[in-house]
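Understanding the architecture of this molecule
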Amino acid sequence: MPGTETVPAFPMDRAAKCPFDPPPRLREAEPISRVRIWDGSTPWLITGYEAQRAVLADQRFSADARKAGFPAQSAAVLARRENTRSFIAMDDPEHDRHRKMLTRNFMIKRVEAMRPRVQEIVDGLIDDMLAGDKPADLVTDFALPVPSLVICELLGVPYADHDFFQARSKKLVSRSTLLEEAVKAGDELREYLLDLMAAKEKEPTDDLIGRLVTDQLARGELTRTEVADMGTLMLIAGHETTANMIALGTVALFEHPSQLAELRDTDDPKLIANAVEELLRYLTIVHTGRRRVATEDVEVAGQLVRAGEGVILANDAGNRDEAAFPEPDRLDIHRQARHHIAFGYGVHQCLGQPLARMELQVVYSTLYRRIPTLELAIPFEEIQFKHDAIVYGVHSLPVTW
């Protein structure tokens, strides 16, 4: 495309003064405009809430990263997508067939049955923090172990191996990871899951991967590689997103002490649920945009997007759209914000959202009540945010009480 040197680069830098807000230049962009990504291509950036929902619900936009024109986040992400086939990068009917194999594991009734165990995990980790040294790192001592323990138990993955999969997951969600490193990390995770599946074939287990092995794999509905790739996706997504929401949400609440006090002192589950939805909207940690490619000519926000052109849905901008959320830059835990698009929209919206919501509700209703004097152990300005990651958060969070 001629004149690409005048097209703004994406992702864009956040404002230093408020790391919770989307980049100023992103907020100032037209509802649909060109941006330049890592490979020099210029996909369309869509910033408006309604336009994003329309695209995400329109099956003329493909989630298949192997299609020409798909705007991958990096060379490493593109290579990983070419070597693996997880259902989030499939279109219907293939996507629907794979998704239905997992849906029952994330139904609300089944997830709610897990709440007492999640409460036990949260309380146990808080006990350990209180008994340990100060300051503690809320990321490594609490935010990361909570969802890691939960997803390991759900999948049937030994938590003793968490250092192994967390280290490789970290490489796969970083935009700065070299191509060779990303491919190696992905291959190692796949081999780990294949070995685990082989063990479950010999000794069947009643967990998600065990059921995929004894049901879909045994009947030939999935190949070994498909089960391994499905397990890898859930293992990474199941802890990376929730861990970052726990830590980043806590930082945001530290900066809004009156709302933190309300959460600390309430026993109202509706207020806790509202707070979870509002923090998901306000922070939108999947901050490099959901990606699609048009399979035919489609008009979006008055602009013709031609077949083969990529689109990036800037969900962080969409969740700050004043037309959908009055006073969008204000954190308000009383806001009715469940219609946010932090989990996406349409057929590809996050399968694990009931689990993520429940975990966050348990954390936000417990952590600040159990440790009422919890506070930062360093100045706010010294917090290191994950600007280079696909999932936004903080690298560490020293806290004391």
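Here's what I pulled together on the structure shown here. (Residues numbered from 1 in each chain as written. Predicted model: local features only at pLDDT ≥ 70, side-chain atom pairs only at ≥ 80, totals over all residues. Heavy atoms only, no water.)

1. Side note on the pattern of salt bridges
For clarity, the cut-off: We define a salt bridge as a side-chain nitrogen of Lys or Arg found within 4 Å of a carboxyl oxygen belonging to Asp or Glu. Secondary structure elements are taken from DSSP: a helix is a run of H or I of four residues or more, a strand is a run of E of two residues or more, and numbering for both begins at the N terminus. Throughout, exposure labels follow a simple rule: accessible area from a 1.4 Å probe, protein chains only, divided by the maximum for the residue type, with under 20% read as buried, over 50% as exposed, and the rest as partly exposed.
The tally for this structure, following the rule as stated, stands at 28 salt bridges. The closest approach of N and O atoms between D58 and R60, which form a salt bridge, is 2.8 Å. Across the salt bridge formed by R190 and D229, the nearest N and O atoms sit 3.1 Å from each other. Of the two residues, R190 is situated in helix α10 (residues 179–202) and D229 in helix α12 (residues 224–254); the sequence distance between them amounts to 39 residues. Classification of R190 by relative accessible area gives buried; the value is 15%. Each member of the salt-bridge network shares a partner with another, and the members are D21, R27, R320 and D329.

2. As for empty space enclosed by the protein
Under the convention used in this document: We place a 1 Å grid over just the protein atoms. Points where a 1.4 Å probe fits but has no way out form a cavity, open points with protein on both sides within 12 Å along at least 5 of 7 lines form a pocket, and any residue with an atom within 4 Å of a point lines it. Grid points are joined across faces, edges and corners, and a volume is the space filled by probe spheres set on the points. Amino acids outside the nonpolar list (Ala, Val, Leu, Ile, Met, Phe, Trp, Tyr, Cys, Pro) and the charged list (Asp, Glu, Lys, Arg) are all regarded as polar, and Gly is one of them.
Within this structure, the stated rule accounts for 2 cavities of 30 Å³ or more. Taken as a whole, the second largest cavity holds about 40 Å³ of empty space. Every residue lining the second largest cavity is listed: M101, R104, N105, L208, R211, L212, D215 and Q216. Of the residues assigned to the lining of the second largest cavity, the class counts are 3 nonpolar, 2 polar and 3 charged.

3. Concerning the sheet that holds strand β10 (residues 398–400)
This is how the line gets drawn: Only strands that DSSP links by at least two bridges are regarded as paired with each other.
Here 3 strands make up an open sheet; going across it, the order is β4-β10-β9 and the pairing antiparallel. Both outer strands of the open sheet, β4 (136–137) and β9 (375–376), are each paired with one neighbouring strand and no more. Where β4 meets β10, 2 bridges bridge the pair, whose relative direction is antiparallel. Residue D137 lies in a different strand from β10, and its bridge partner there is P398.

4. With respect to unusual backbone geometry
The linkage connecting F10 with the following residue, P11, adopts the cis geometry, with an omega of 0 degrees. Checked against the element boundaries, P11 lands in the segment before α1 (24–28). P135 follows K134 through a cis peptide bond whose omega is 0 degrees. Along the chain, P135 falls in the loop between α6 (115–131) and β4. Of note, T284 is a non-glycine position whose phi angle comes to about 40 degrees, a positive value. Within the element layout of this structure, T284 appears in the loop between α14 (269–283) and β5 (290–294). For T284, a relative accessible area of 2% corresponds to the buried category. Even without glycine at this site, E327 takes up a positive phi of about 50 degrees. Among the structural elements, E327 can be located in the loop between α15 (315–318) and α16 (353–370).

5. Thoughts on the environment of S86
The cut-off we apply is this: Any two residues whose heavy atoms approach within 4.5 Å are treated as being in contact.
Structurally, S86 is set in the loop between α3 (75–83) and α4 (94–103). Looking at S86, the relative accessible area reads 12%, which means it is buried. A C-alpha to C-alpha distance of 15 Å links S86 and L217, two positions 131 residues apart in sequence. With sequence-adjacent residues up to four places away left out, S86 is seen in contact with D229 and L233.

6. Points about the packing of aromatic side chains
To keep things clear, this is the line we draw: Classification of ring pairs uses Phe, Tyr and Trp, with its six-membered ring standing for Trp, and accepts pairs whose centres are within 6.5 Å; under 30 degrees between planes counts as stacked, over 60 as edge-to-face, and the remaining range as tilted. A ring is scored as having a charge over it whenever the NZ atom of a lysine or the CZ atom of an arginine sits within 6 Å of its centre and within 35 degrees of its normal.
Overall, the coordinates contain 8 aromatic pairs when judged by the stated rule. Pairing Y364 with Y368 gives two aromatic rings, centres 6.2 Å apart and planes at 15 degrees, and the pair type is stacked. With a gap of 4 residues between them, Y364 and Y368 both fall in helix α16, about one helical turn apart. For the pair shown, Y364 and Y368 are each scored as buried. Taken together, F20, Y282, F380, F385 and Y392 form an aromatic cluster joined through their ring pairs. The residue whose ring lies beneath R14 is Y392, and the NZ or CZ to ring-centre distance is 3.7 Å. Positioned above the aromatic ring of W44, the side-chain terminus of R34 is 4.0 Å from the ring centre.

7. Side note on the pairing of strand β8 (residues 310–313)
Burial of β8 is two-sided: the residues G310 and I312 facing one way and the residues V311 and L313 facing the other way are all buried. Where strand β2 (residues 44–46) meets β8, 3 bridges bridge the pair, whose relative direction is parallel. Paired with L45 across the bridge in β8 is I312. Relative to β8, β5 runs antiparallel, the two being bridged by 4 bridges. In the sheet register, R292 faces β8, and the bridge partner there is V311.

8. Examining the pairing of β5
The buried count for β5 comes to 5 of 5 residues, which makes it a mostly enclosed element. Because side chains alternate across β5, one face comprises the buried residues R290, R292 and A294, and the other comprises R291 and V293, equally buried. When strand β3 (residues 61–62) meets β5, the two strands line up antiparallel, connected through 2 bridges. Each bridged residue has a counterpart across the sheet, and for F61 the counterpart in β5 is A294.

9. Some words on the packing of helix α8 (residues 145–155) against α12
Note the threshold: Note on definitions: angles span 0 to 180 degrees between N-to-C directions of axes, and those axes are lines fitted to C-alpha atoms, for helices only across the stretch in contact. Angular relationships are summarised with four words: roughly parallel below 35 degrees, roughly antiparallel beyond 145, roughly perpendicular across 65 to 115, and oblique for the angles in between. The handedness criterion is simple: a crossing whose near helix is rotated anticlockwise from the far helix by less than a right angle is left-handed, and one whose near helix is rotated clockwise is right-handed.
At a closest axis distance of 8 Å, the pairing of α8 and α12 adopts a crossing angle of 155 degrees. Judged on the interaxial angle alone, α12 and α8 are roughly antiparallel. α12 is crossed by α8, and the crossing has right-handed handedness. Residues V146, P147, S148, I151 and L155 of α8 touch α12, and the partners they reach there are G231, M234, L235, G238, H239, T242, A243 and I246. Residue classes in the contact of α8 with α12 are distributed as 8 nonpolar, 5 polar and no charged.

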